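Inside the fold
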Amino acid sequence: AGQPELMRLYARKLGGVVASWIGSGGASLKSRCLAVVTDPAAVADELALTLFSRPADEVEKAWVTDYLAEVGDQGNERLDELIWAWIASAEFRFNR
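The paragraphs below set out a description of the structure included in this document. Owing to the predicted nature of the structure, the values given are computational and were not obtained by experimental measurement.

Remarks on helix α4 (residues 58–71)
Across its 14 residues, α4 extends 20 Å between first and last C-alpha, which sits within 8% of the 20 Å expected from 1.5 Å per residue. Two or three places before V59, at the start of α4, stands the capping residue D57, its side-chain oxygen 3.1 Å from that residue's backbone nitrogen. Once α4 finishes, G72 follows within two positions and takes phi at roughly 55°, a positive value.

Overview of the packing of helix α3 (residues 40–52) against α4
Axes are the key here: two packed helices are described by the angle between their axes and the distance separating the axes. Direction vectors running N to C along α3 and α4 enclose 125°, while the axes themselves pass 8 Å from each other. On the basis of the axis angle, α3 is oblique to α4. Judged by the sense of rotation from one axis to the other, the crossing of α3 with α4 is right-handed. Judged by residue contacts, P40, A41, V43, A44, D45, L47 and F52 of α3 engage E60, K61, V64, T65 and L68 from α4. Of the residues belonging to the contact of α3 with α4, the class tally is eight nonpolar, one polar and three charged.

Conventions we followed
Residues numbered from 1 in each chain as written. Predicted model: local features only at pLDDT ≥ 70, side-chain atom pairs only at ≥ 80, totals over all residues. Heavy atoms only, no water. Helix = DSSP H or I, 4+ residues; strand = E, 2+ residues; numbered from the N terminus. Expected span 1.5 Å × (residues − 1). Polar contact = N/O pair within 3.5 Å; in protein donor to acceptor, adjacent residues only side chain to side chain. Axes fitted to C-alpha atoms, helices over the stretch in contact; angles between N-to-C directions. Parallel < 35°, antiparallel > 145°, perpendicular 65-115°, else oblique. Left-handed = near helix turned anticlockwise from the far one by under 90°. Contact = heavy atoms within 4.5 Å. Nonpolar A, V, L, I, M, F, W, Y, C, P; charged D, E, K, R; others polar.

Here is the structure:
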């Protein structure tokens, strides 16, 4: 299955849980990432701590830094994609 199909499968399986993480209000994962979006390493740590129960490694910090630099001013809107990418990872799937 390709990435879009995998995301749809996760959306069906985890529906409300994922929606609450990606939601922009309260203490959602997205809100916590937005609060530190000017520090990509902190965004990576927030994602890793929430989804993997560990701090982000240097490769993950570099990946998030590159991604946020690439999307520029769209970082706010593109955080959903970043969160989904981490949720779609093998580490998340096999550690849940």
